[in-house]
Amino acid sequence: MTDLPTSVHIHEEGPREGFQIEPGPIGTAEKISLIDALSQTGLHRIQVCSFVNPRLVPGWADAEAVVEGFSPAGDIEYSGLYFNGNGLDRALKFRDRLTISGSISLSASEAFTRKNLNRGHAENLAAMKRHAEAHLAHGIPVNRIGVMAAFGCNYQGDITPATVVDTLADGMAVADETGALITVFSLADTMGWAAPHRIERVIGAVRERWPDMTLSLHLHDTRGLAVANAHAGLRMGVSRFDSTVGGLGGCPFAGQPGAAGNICTEELVMLCEEMGIETGVDLDLLIEAGRMAEAIVGHPLPSELLHAGSLGRFRRTALD
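All figures in this text were calculated on a predicted structure; none of them were measured in a lab.

## Structural notes on the packing of aromatic side chains
Within a pair of aromatic rings, the relevant descriptors are the distance that separates the centres and the angle that separates the planes.
Next up, step 1: The full count for this structure, using the stated rule, is 5 aromatic pairs.
Next up, step 2: Ring centres 4.5 Å apart and planes at 45° place the aromatic pair Phe-70 and Tyr-78 in the tilted group. No difference in accessibility class separates Phe-70 from Tyr-78, as the two residues are buried.
Next up, step 3: The ring of Trp-60 has Lys-31 lying over it, and the distance from NZ or CZ to the ring centre is 4.3 Å.
Next up, step 4: Between the NZ or CZ atom of Arg-97 and the centre of the ring of Phe-70, over which it lies, the distance is 4.9 Å.

Put into structure tokens, the structure is as follows:
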């Protein structure tokens, strides 16, 4: 265990992650209303859409309309997800509204790379080199390597820490070739295979190789361990997390329909607050945004806090 972080940086992905997997159409105005509600909670980073092929992800066929429609607030960084040059070109049209930065996106599972992107690891490395070069040509920094399926894969099984380290090393080689300066490694539990001991092993192996690199966790709650895994990450000093309000979302290519989405933002915030770690987020406002998200999708979301509420009200009552 290292020292706990004094504060955490939360990257809210609910709008993008959540609406890509919903079976029924979600109206553009409803997507915008959720983004605007999240903008009032104290979150500083919100991923608002996916610039992806609408044939593959029809839930984001209206990405441009959503970006044009939401109301930017304060110093919030808004971003969009994309995987190729076409997606980058679409995002670049909104440089006045979106924060655009490049990422070298890899998977520790060859099988998942093929399922998710229809190409193998070597092909993906070549694609990521072109992807990084395109960003740098536009003056956009490439500062992150993301590794999906870093803790296990529904198609390939267990993933060893050594495989994750090797995958990151491949990403660093791409960065060296292109001149990208990497400052963050993001480790994703894309299909919910992580448990606290796996978090500790993988982070330990990565830190042994790159002791000074900033680490970020992207945790799914597929098997109910996301909060436990976040706790393990916090105890190892991780201070960056991706999350989704209400637990919206899930990966459409994970081969597990109906699985829970990412760690719930409000549950992550409450965990941090109870541990004395600053988030900058108003938990009660965030819970209200989660309830809005639940109403928009029209079915219960995984977050228990949407129904139980925060502890703050009960503490205030106890003090009266």
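So that's the structure; there's more coming.
## Considerations on the pairing of strand β8 (residues 240–243)
Next up, step 1: Bridging between strand β1 (residues 9–12) and β8 involves 4 bridges; their strand directions are parallel. By the bridge assignment, His-9 is partnered in β8 with Arg-240.
Next up, step 2: When strand β7 (residues 214–219) meets β8, the two strands line up parallel, connected through 3 bridges. Residue pairing in the sheet places Leu-217 in a bridge with Phe-241 of β8.
Next up, step 3: Between the parallel elements β7 and β8, the chain passes through helix α9 (residues 226–235) in a crossover that is right-handed.

## Focus: the side chain of Asp-242
Next up, step 1: Counting through the fold element by element, Asp-242 comes out in strand β8.
Next up, step 2: There is no salt bridge for the buried Asp-242, and the closest opposite charge comes from Arg-144, which lies 4.6 Å off by N-O distance.
Next up, step 3: Within polar-contact distance, the side chain of Asp-242 engages the side chain of His-218 at 3.0 Å.
Next up, step 4: Each residue touching Asp-242, except ones within four places of it in the same chain, is listed here: His-11, Glu-13, Ser-186, Ser-216, Leu-217, His-218, Leu-219 and Ile-263.

## Quick word on the pattern of salt bridges
Next up, step 1: By the definition in use, this model includes 11 salt bridges.
Next up, step 2: The partner of Asp-62 in a salt bridge is Lys-31, and the shortest N-O contact between them spans 2.8 Å. Within this pair, whereas Asp-62 is found in the loop between β2 (45–50) and α3 (63–69), its partner Lys-31 is found in helix α2 (residues 28–38), the two being separated by 31 residues in sequence.
Next up, step 3: When the shortest N-O distance is used, the salt bridge between Arg-45 and Glu-77 registers 3.8 Å.

## As for the environment of Met-270
Next up, step 1: Within the secondary structure, Met-270 sits in helix α10 (residues 265–274).
Next up, step 2: Owing to a relative accessible area of 23%, Met-270 belongs among the partly exposed residues under this scheme.
Next up, step 3: Distance from Met-270 to Leu-283, taken between C-alpha atoms, is 7.3 Å for residues 13 residues apart in sequence.
Next up, step 4: Setting aside its immediate chain neighbours within four residues, Met-270 contacts Leu-283, Leu-305 and Leu-311.

## Some words on the packing of helix α8 (residues 196–209) against α9
Next up, step 1: Axis separation between α8 and α9 bottoms out at 8 Å; the angle between their running directions is 35°. The handedness of the crossing between α8 and α9 comes out as right-handed. In this structure, α8 contributes Pro-196, Ile-199, Glu-200 and Ile-203 to the contact, and α9 contributes Ala-228, Asn-229, Ala-232 and Gly-233.
Next up, step 2: In terms of residue class, the contact of α8 with α9 is built from 5 nonpolar, 2 polar and 1 charged.

## Looking at the packing of helix α5 (residues 110–117) against helix α6 (residues 121–137)
Next up, step 1: Direction vectors running N to C along α5 and α6 enclose 60°, while the axes themselves pass 9 Å from each other. In terms of their interaxial angle, α5 and α6 are classed as oblique. Between α5 and α6, the residues in contact are Glu-110, Thr-113, Arg-114 and Leu-117 and His-121, Glu-123 and Asn-124, respectively.
Next up, step 2: Broken down by class, the residue content of the contact of α5 with α6 amounts to 1 nonpolar, 3 polar and 3 charged.

## Observations regarding the sheet that holds β1
Next up, step 1: Across the sheet, 8 strands lie side by side as β3-β2-β1-β8-β7-β6-β5-β4; this open sheet has parallel pairing. Whereas interior strands pair on both sides, the edge strands pair on one side only; in this sheet they are β3 (77–81) and β4 (102–107). Neighbouring strand axes in the sheet, compared pairwise and without regard to direction, differ in orientation by 25° on average.
Next up, step 2: Note: β2 against β3, 5 bridges, orientation parallel. By the bridge assignment, Ile-46 is partnered in β3 with Tyr-78.
Next up, step 3: In this fold α6 packs onto β4 and β5 (142–148), with an angle of close to 175° to the strand it touches most, β4.

Rules and cut-offs
- Residues numbered from 1 in each chain as written.
- Predicted model: local features only at pLDDT ≥ 70, side-chain atom pairs only at ≥ 80, totals over all residues.
- Heavy atoms only, no water.
- Phe/Tyr/Trp six-rings, centres within 6.5 Å; stacked < 30°, edge-to-face > 60°.
- Buried < 20%, exposed > 50% of the residue type's maximum accessible area, 1.4 Å probe, protein only.
- Lys NZ or Arg CZ within 6 Å of the ring centre and 35° of its normal.
- Pairing = 2+ DSSP bridges.
- Helix = DSSP H or I, 4+ residues; strand = E, 2+ residues; numbered from the N terminus.
- Right-handed = clockwise from strand over helix to strand, strands pointing away.
- Lys, Arg positive; Asp, Glu negative; His and termini not counted.
- Salt bridge = Lys/Arg side-chain N within 4 Å of Asp/Glu carboxyl O.
- Polar contact = N/O pair within 3.5 Å; in protein donor to acceptor, adjacent residues only side chain to side chain.
- Contact = heavy atoms within 4.5 Å.
- Axes fitted to C-alpha atoms, helices over the stretch in contact; angles between N-to-C directions.
- Left-handed = near helix turned anticlockwise from the far one by under 90°.
- Nonpolar A, V, L, I, M, F, W, Y, C, P; charged D, E, K, R; others polar.
- Parallel < 35°, antiparallel > 145°, perpendicular 65-115°, else oblique.

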